[in-house]
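Listed below are the residues making up each chain.
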Amino acid sequence: MKPSLSWDQQVALLVERGLSISDEAMCAAFLAANNYYRFSGYTRYFQIAPHEGDDRYRPGTTFDEIRAVYEADEAMRAELVRPLACVELLLRTHTAHVIAQTYGPSGRYLEEDFYTDVSERDPTIEVCLRDLKRSKERHILRYRTDVDNSSSFAELPVWSAVEAWSFGTLSKCIERGAQGALADAVATSIGVAKGGFPYRVRALVYLRNRCAHHSRIWHHSVIDAGPTPNNVRVRAKKKAGQFGPRSILDVVASLDDMLVRSKTADPLLPGLVQRHDGGSAFWQGLSHPQNPVDRRL
């Protein structure tokens, strides 16, 4: 078991490992506010071989250098919140509209056979109902009956239901609804390519959750990477330079495409390019994410 260290002891450990700290009191205050463990996720990229137990810092590494990356990452997460929220609301609106116009405003979207499920995952209808039952909103409760199955919300309009679903539940509904036809219809409704659309939505959910939980996006490879259309990638790379298919910038390119085509908001990528040096450690961590093991001296 690792011992619990005081803030000052944590600073001493950093110094012992070779990190240059100009103001140790300021460093201790930073760690007290931000958690040593969270910060260590960034420091590993400045160490010699942490995966092999060598936690020494590369010669000349400073606390201020790592903190600058940490704070740039924090600022970018905050900057992503609004455009991700815009697309989330866009998807709620168009999903409800497509379902209501094509399948009726209530009933059908809460029938089990409306969805094509994957056997090892929770049935989509159960996920949808779980979110509805959890809701305390009056616009949901007024439609709920005493029946404990999908019929308990038989009269609930879909435009009300989508407001109670989590973004993840909405993503599942889009991906699995109407035997796959729902995803194509929603993509067409907002004006983007149908190919790979549900997986692009899943990638946005993944990124939104990382931002919401203050998780590191620098040097993070996106697990649920969506197949960003090639033409979208080409346009984005003309602005931002090269980036990997599982990078945060690839998801941002997909996000920008939805924002611009739906005329919902201005794209995010041009501003990021203006504010960050393409050769900086921060930008490289966004465009070409690596594990610390890949960076061994």
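Summary of the structure given here. Note that this is a predicted model, so its numbers are computed, not measured. (Residues numbered from 1 in each chain as written. Predicted model: local features only at pLDDT ≥ 70, side-chain atom pairs only at ≥ 80, totals over all residues. Heavy atoms only, no water.)

### What to know about the overall build of the chain
A count of helical and extended segments in the chain gives 14 helices and two strands. A principal-axis box enclosing the C-alpha atoms of the chain has dimensions of 65 × 45 × 30 Å. Relative to its full complement of 297 residues, the chain shows a buried share of 47%. A separation threshold of at least 6 residues defines the contact pool for the chain, and within that pool the share at least 24 residues apart is 66%. When the accessible surface of the chain is summed, it comes to about 14,800 Å², and 49% of that surface belongs to carbon and sulfur atoms. (Helix = DSSP H or I, 4+ residues; strand = E, 2+ residues; numbered from the N terminus. Buried < 20%, exposed > 50% of the residue type's maximum accessible area, 1.4 Å probe, protein only. Contact = heavy atoms within 4.5 Å. Areas by Shrake-Rupley, 256 points an atom, 1.4 Å probe, with all protein chains shown as cover.)

### A short note on the nonpolar core
Met76, Leu80, Leu91, Tyr109, Leu132, Trp165 and Phe197 are the most contacted members of the largest nonpolar core, which totals 88 residues. In terms of residue count, helix α4 (residues 63–103) provides more of this core than any other element does, 16 residues in total. Discounting chain neighbours no more than four positions away, the residues touching Leu132 are Leu110, Ile140, Phe153, Leu156, Ala161, Ala164 and Trp165. (Core = buried A, V, L, I, M, F, W, Y, C linked by side-chain atoms within 4.5 Å.)

### A word on the layout of surface pockets
Counted as a void, the largest pocket has a volume near 710 Å³. In terms of lining, the largest pocket is formed by 23 residues, of which the most central are Lys2, Tyr36, Tyr37, Ser40 and Gly41. Elements that contribute at least two residues to the lining of the largest pocket include exactly α1 (7–16), α3 (36–43) and β2 (54–57). If you tally residues by element for the lining of the largest pocket, the top one is α3, at seven residues. Residue composition of the lining of the largest pocket, by class: seven nonpolar, nine polar and seven charged. Approximately 270 Å³ is the volume found for the second largest pocket. What lines the second largest pocket is a set of 16 residues, and nearest its centre among them are Gly168, Ser171, Lys172, Arg202 and Val205. In terms of residues, the lining of the second largest pocket owes the most to one element, helix α8 (residues 167–176), which gives six residues. For the lining of the second largest pocket, the residue count by class is three nonpolar, five polar and eight charged. (1 Å grid on protein atoms, 1.4 Å probe; cavity = no way out; pocket = protein on both sides within 12 Å on 5 of 7 lines; lining within 4 Å. Points joined across faces, edges and corners; volume = space filled by probe spheres on them. Nonpolar A, V, L, I, M, F, W, Y, C, P; charged D, E, K, R; others polar.)

### A word on the pattern of salt bridges
Applying the stated criterion to the full structure yields 17 salt bridges. One salt bridge in this structure joins Arg17 and Asp55, with 3.5 Å as the shortest N-O distance. One end of the pair, Arg17, is in the loop between α1 and α2 (24–34); the other, Asp55, is in strand β2, with 38 residues separating them in the sequence. Note on Arg17: relative accessible area 24%, which makes it partly exposed. (Salt bridge = Lys/Arg side-chain N within 4 Å of Asp/Glu carboxyl O.)

### With respect to the side chain of Thr61
Its location among the elements puts Thr61 in the loop between β2 and α4. Among the polar contacts made by the side chain of Thr61, one reaches the main-chain carbonyl oxygen of Arg58 at a distance of 2.7 Å. Contacts of Thr61, omitting those with residues within four sequence positions, involve Gly18, Leu19, Ser20, Phe46 and Ile66. (Polar contact = N/O pair within 3.5 Å; in protein donor to acceptor, adjacent residues only side chain to side chain.)

### Focus: the packing of α4 against helix α12 (residues 248–261)
Where α4 meets α12, the axes come as close as 10 Å, and the angle between the chain directions of the two elements is 40°. By the angle class used here, α4 and α12 are oblique. In terms of crossing hand, the pair formed by α4 and α12 is left-handed. Contacts between α4 and α12 involve Met76, Leu80, Pro83, Leu84, Cys86, Val87 and Leu90 on the former and, on the latter, Ile248, Val252, Leu255, Met258 and Leu259. Here the residues of the contact of α4 with α12 sort into 12 nonpolar, no polar and no charged. (Axes fitted to C-alpha atoms, helices over the stretch in contact; angles between N-to-C directions. Parallel < 35°, antiparallel > 145°, perpendicular 65-115°, else oblique. Left-handed = near helix turned anticlockwise from the far one by under 90°.)

### Remarks on the pairing of β2
For strand β1 (residues 47–49) and β2, the ladder comprises two bridges, and the chain directions are antiparallel. Residue Gln47 lies in a different strand from β2, and its bridge partner there is Tyr57. (Pairing = 2+ DSSP bridges.)

### Describing the side chain of His219
For His219, the location among the structural elements is in the loop between α10 (197–212) and α11 (230–240). Accessibility expressed as a relative area gives 5% for His219, which makes it buried. A distance of 3.1 Å separates the side chain of His219 from the backbone nitrogen of Gln290, its partner in a polar contact.

### Some thoughts on α8
The element α8 is largely enclosed, with a buried count of nine among its 10 residues. Among all positions of α8, only Phe167, Gly168, Thr169, Leu170, Ser171, Cys173, Ile174, Glu175 and Arg176 are buried. One or two residues past the end of α8 sits Ala178, with phi positive at roughly 55°.

### Digging into the packing of aromatic side chains
For the structure on display, the rule yields 12 aromatic pairs. Plain terms: the ring middles of Phe46 and Trp218 are 6.2 Å apart, the flat faces sit at 20° to each other, and that makes the pair stacked. Of this pair, Phe46 sits in the loop between α3 and β1 while Trp218 sits in the loop between α10 and α11, and the two are 172 residues apart along the sequence. Owing to a relative accessible area of 3%, Phe46 belongs among the buried residues under this scheme. For Trp218, a relative accessible area of 2% gives the class buried. Summarising the aromatic geometry, the rings of Tyr103 and Phe114 are spaced 5.1 Å apart at their centres and angled 85° between planes, so their arrangement reads as edge-to-face. (Phe/Tyr/Trp six-rings, centres within 6.5 Å; stacked < 30°, edge-to-face > 60°.)

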